[in-house]
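Structural characterization, general
Residue strings, one per chain:
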Amino acid sequence: MDLMKVLKNGRWTRPSDKEAVYLEIPPGCRWGVRVTLYTNTVWVEAVDGPKCAYHRADRQLACRVPPPSLWERWRGVTWERKILQEVERKREVARMKEAEASWG
């Protein structure tokens with residue numbers, strides 16, 4: 001599975017040769033999801049706008065998704081599946097944050 005084919009509701013950019021960034025913020029919303037692909041790790045974040053940056057954010061907002069361990073690979077877990085599961089979690093966080101912002 002190719003992440004660039006699955007994650008297609010947002011925009012992919014290539015800031016450097018060693019990273020790719022996917023940003024998905026639904027129209028009319030402030031909160032969205034950012035996925036940063038590095039060589040050996042992936043960061044998935046719920047972001048407050050396209051220029052949002054976190055420093056030591058809690059796991060609810062941002063987390064690192066490492067490659068599957070030997071045990072996970074043995075069970076059939078792929079890195080793409082781990083990433084997509086975390087993207088779904090962060091989409092839900094973004095939806096909750098968007099709802100909170102509209103109430104407050």
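No experiment lies behind these values; they were computed from the predicted model shown. (Residues numbered from 1 in each chain as written. Predicted model: local features only at pLDDT ≥ 70, side-chain atom pairs only at ≥ 80, totals over all residues. Heavy atoms only, no water.)

**Some points on the packing of aromatic side chains**
Ring pairs (aromatic) are described by centroid distance and by the angle formed between their planes. What the rule picks out here adds up to two aromatic pairs. Seen from their ring centres, Trp71 and Trp74 are 4.9 Å apart, and the 25° between their planes marks the pair as stacked. With Trp71 and Trp74 both in helix α2 (residues 70–74), this residue pair falls three residues apart, about one helical turn. You'll find Trp71 and Trp74 in the same group, each marked exposed. (Phe/Tyr/Trp six-rings, centres within 6.5 Å; stacked < 30°, edge-to-face > 60°. Helix = DSSP H or I, 4+ residues; strand = E, 2+ residues; numbered from the N terminus. Buried < 20%, exposed > 50% of the residue type's maximum accessible area, 1.4 Å probe, protein only.)

**Focus: the pattern of salt bridges**
Side chains bearing opposite charge may pair, as long as their charged atoms lie close to each other. Overall, the coordinates contain nine salt bridges when judged by the stated rule. Arg34 serves as the salt-bridge partner of Glu45, at 2.8 Å between the closest nitrogen and oxygen. On the criterion of sequence distance, the pair formed by Glu45 in strand β4 (residues 42–48) and Arg34 in strand β3 (residues 31–37) is long-range, its members being eleven residues apart. Relative accessible area serves as the criterion here: at 12%, Arg34 is assigned to the buried category. We note a salt bridge from Glu88 to Arg91, for which the minimum N-O separation is 2.4 Å. Separated by three residues within a single helix, Glu88 and Arg91 lie in helix α3 (residues 79–103), roughly one turn from each other. Note on Glu88: relative accessible area 41%, which makes it partly exposed. Salt bridges sharing common partners tie together Arg59, Glu86, Arg89 and Lys90. (Salt bridge = Lys/Arg side-chain N within 4 Å of Asp/Glu carboxyl O.)

**Considering the pairing of β3**
Two faces belong to every sheet, and in a regular strand the side chains alternate between them. Of all seven residues making up β3, seven are buried, and the element is well covered by its neighbours. The pairing of strand β2 (residues 19–24) with β3 spans five bridges and is classified as antiparallel. Paired with Val21 across the strands is Thr36, a residue of β3. Between β2 and β3, which follow one another and run antiparallel, lie six residues, and Gly28 among them has a positive phi close to 80°. Of the pairings in the sheet, the one linking β3 to β4 comprises seven bridges and is antiparallel in character. Looking at the pairing, Arg34 lines up with Glu45 of β4. As consecutive antiparallel partners, β3 and β4 are separated by four residues. (Pairing = 2+ DSSP bridges.)

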